Amino acid sequence: MSHSSLKYLCFLASIAGLMTATAYANVTIYPVKMQINGENRQRTTTINLHSSADEAPKNYEVNVYKWTQDENGNDVLTPDNQLVINPASFVLEPNSKQMIRMGFKQSISEMNLQNEEAWRIKISPLPDAKKSNGIKYAYGFNIPMFAGKDFKPDMSFHLAKKTNNQSFINAKNLGTGHFQIIGFTLQDSSGNSIFKSNEMKYVLAHQQVQLNIPAFKPQPGLKLILDTADAKSLKFDIAEQE
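Below: a short report on this structure. (Residues numbered from 1 in each chain as written. Predicted model: local features only at pLDDT ≥ 70, side-chain atom pairs only at ≥ 80, totals over all residues. Heavy atoms only, no water.)

**Comments concerning the nonpolar core**
Core analysis: the biggest nonpolar cluster contains 26 residues, and I47, L49, I100, M102, F104, I121 and I123 have the highest contact counts within it. Looking at which element gives the most residues to this core, the answer is strand 10 (residues 141-147), with 4 residues. For M102, the contacting residues outside a window of four places in its chain are M34, R43, T44, T45, I47, L83, V84, I85, I121 and M145. Ranked by size, the runner-up nonpolar core spans 19 residues in total, among them F157, F179, L211 and F216. (Core = buried A, V, L, I, M, F, W, Y, C linked by side-chain atoms within 4.5 Å. Buried < 20%, exposed > 50% of the residue type's maximum accessible area, 1.4 Å probe, protein only. Helix = DSSP H or I, 4+ residues; strand = E, 2+ residues; numbered from the N terminus. Contact = heavy atoms within 4.5 Å.)

This is how it looks when you write it as structure tokens:
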């Protein structure tokens, strides 16, 4: 489990997951991604928030959502109580640390998982009633958490078109574990770059997502070079979808 720092500007910045970003309101959170795999009867994990000396005291609440994806790869978040959170609300004081514990009521083995399951942990500052005049821009932290052990992704990639004839890459996961993309490059058969993107996506087990690309003329021998969270690059053949 990585303890790289994650500092979000807002929930929207965290929709794909993930790496470090500029701090908002002088608050840092880690880890950026959690896994409960059941090894040594593990059923719990923790998140830590740190505030700087310049940060004013602030109230936070923690909410848990079961995370799935629809047929188009859009995230679907459903409130869930399978994962127990402690504390569910707290005050983060200046220059302080807050640990949030979370865990399942039963062991991973007792859950009888057929594939990896996913949750999102949202940690949100509560509005200050004394400063509630006007429009406020809410920020928060949105952390992915996965449960299960030895589940693996099985990815394939095809060119496809939307109803408006716009091309995209369909990333399909036939495996039982998630796959994380933090960027990609589309290359021609000679290895020349056609398009490079920093688009970040999670593809959950048995789901598919769309990777946006500009219009270009399809050609044989296309390759997709994926950047992953563990700093590896993976190469896939890509074909036009039948």
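That covers the picture; the talk isn't over yet.
**Brief notes about the sheet that holds strand 14 (residues 183-187)**
Across the sheet, 4 strands lie side by side as 15-14-18-19; this open sheet has antiparallel pairing. The open sheet is flanked by strand 15 (193-197) and strand 19 (233-237), the only strands paired with a single partner. Strand-to-strand twist across the sheet, computed as the mean angle between neighbouring axes with direction ignored, equals 20°. Pairing of strand 14 with strand 18 (residues 223-227), which is carried by 5 bridges, proceeds in the antiparallel orientation. When the bridges of strand 18 are listed, T185 appears paired with I225. (Pairing = 2+ DSSP bridges. Axes fitted to C-alpha atoms, helices over the stretch in contact; angles between N-to-C directions.)

**A look at the side chain of H178**
You can see H178 is positioned in the loop between strand 12 (167-173) and strand 13 (179-181). Given the relative accessible area of 12%, H178 is considered buried. A distance of 3.0 Å separates the side chain of H178 from the side chain of K33, its partner in a polar contact. Of note is the side chain of H178, whose polar atom sits 2.7 Å from the side chain of E116. Filtering out sequence-adjacent residues up to four positions away, H178 remains in contact with K33, Q35, E116, F146, P153, N173, Y202, V203, L204 and A205. (Polar contact = N/O pair within 3.5 Å; in protein donor to acceptor, adjacent residues only side chain to side chain.)

**Brief notes about the pattern of salt bridges**
A complete count under the given rule lists 4 salt bridges for this structure. With its nearest N and O atoms 3.7 Å apart, the salt bridge here joins K201 to E199. By relative accessible area, K201 is classed as partly exposed at 23%. The partner of K223 in a salt bridge is D237, and the shortest N-O contact between them spans 2.1 Å. Of this pair, K223 sits in strand 18 while D237 sits in strand 19, and the two are 14 residues apart along the sequence. Exposure remark for D237: the relative accessible area of 54% places this residue in the exposed category. (Salt bridge = Lys/Arg side-chain N within 4 Å of Asp/Glu carboxyl O.)

**Quick look at the sheet that holds strand 8 (residues 97-104)**
With antiparallel pairing, 4 strands are arranged side by side in an open sheet as 1-3-8-6. What marks the edges here is a single partner per strand, and that holds for strand 1 (27-30) and strand 6 (83-86). The mean inter-strand angle of the sheet, taken between neighbouring strand axes irrespective of direction, is 20°. Note: strand 6 against strand 8, 4 bridges, orientation antiparallel. Following the sheet pairing, N86 is matched in strand 8 by R101.

**Observations regarding the packing of aromatic side chains**
Following the criterion strictly, the structure yields 7 aromatic pairs and no others. Relative to F90, the ring of Y60 has its centre 5.5 Å away and its plane inclined at 10°; by these criteria the two rings are stacked. With Y60 in strand 4 (residues 58-69) and F90 in strand 7 (residues 89-92), this residue pair connects regions lying 30 residues apart in the sequence. A relative accessible area of 7% places F90 in the buried class. When the ring of F146 is compared with that of Y202, the centres are 5.6 Å apart and the planes differ by 50°; the resulting orientation is tilted. Here F146, found in strand 10, pairs with Y202, found in strand 16 (residues 201-203); they are 56 residues apart in sequence, far enough to count as distant. Since its relative accessible area comes to 0%, F146 is described here as buried. Its guanidinium or amino end placed over the ring of W119, K66 lies 5.1 Å from that ring's centre, counting from NZ or CZ. Over the aromatic face of Y65 sits the side chain of K122, whose NZ or CZ is 5.5 Å from the ring centroid. (Phe/Tyr/Trp six-rings, centres within 6.5 Å; stacked < 30°, edge-to-face > 60°. Lys NZ or Arg CZ within 6 Å of the ring centre and 35° of its normal.)

**Some remarks on unusual backbone geometry**
Omega for the peptide link from Y30 to P31 comes to -5°, which places this bond in the cis form. The topology assignment puts P31 in the loop between strand 1 and strand 2 (34-36). Between N86 and the following residue, P87, the backbone shows a cis peptide bond with an omega angle of -5°. Relative to the assigned elements, P87 resides in the loop between strand 6 and strand 7. For N40, which is not glycine, the phi dihedral falls at a positive 55°. Overall, the relative accessible area of 79% leaves N40 in the exposed class. Despite not being glycine, D150 shows a phi value in the positive range, around 65°. Inspection of the secondary structure puts D150 in the loop between strand 10 and strand 11 (155-161).

Nothing here speaks to function; it is geometry throughout.
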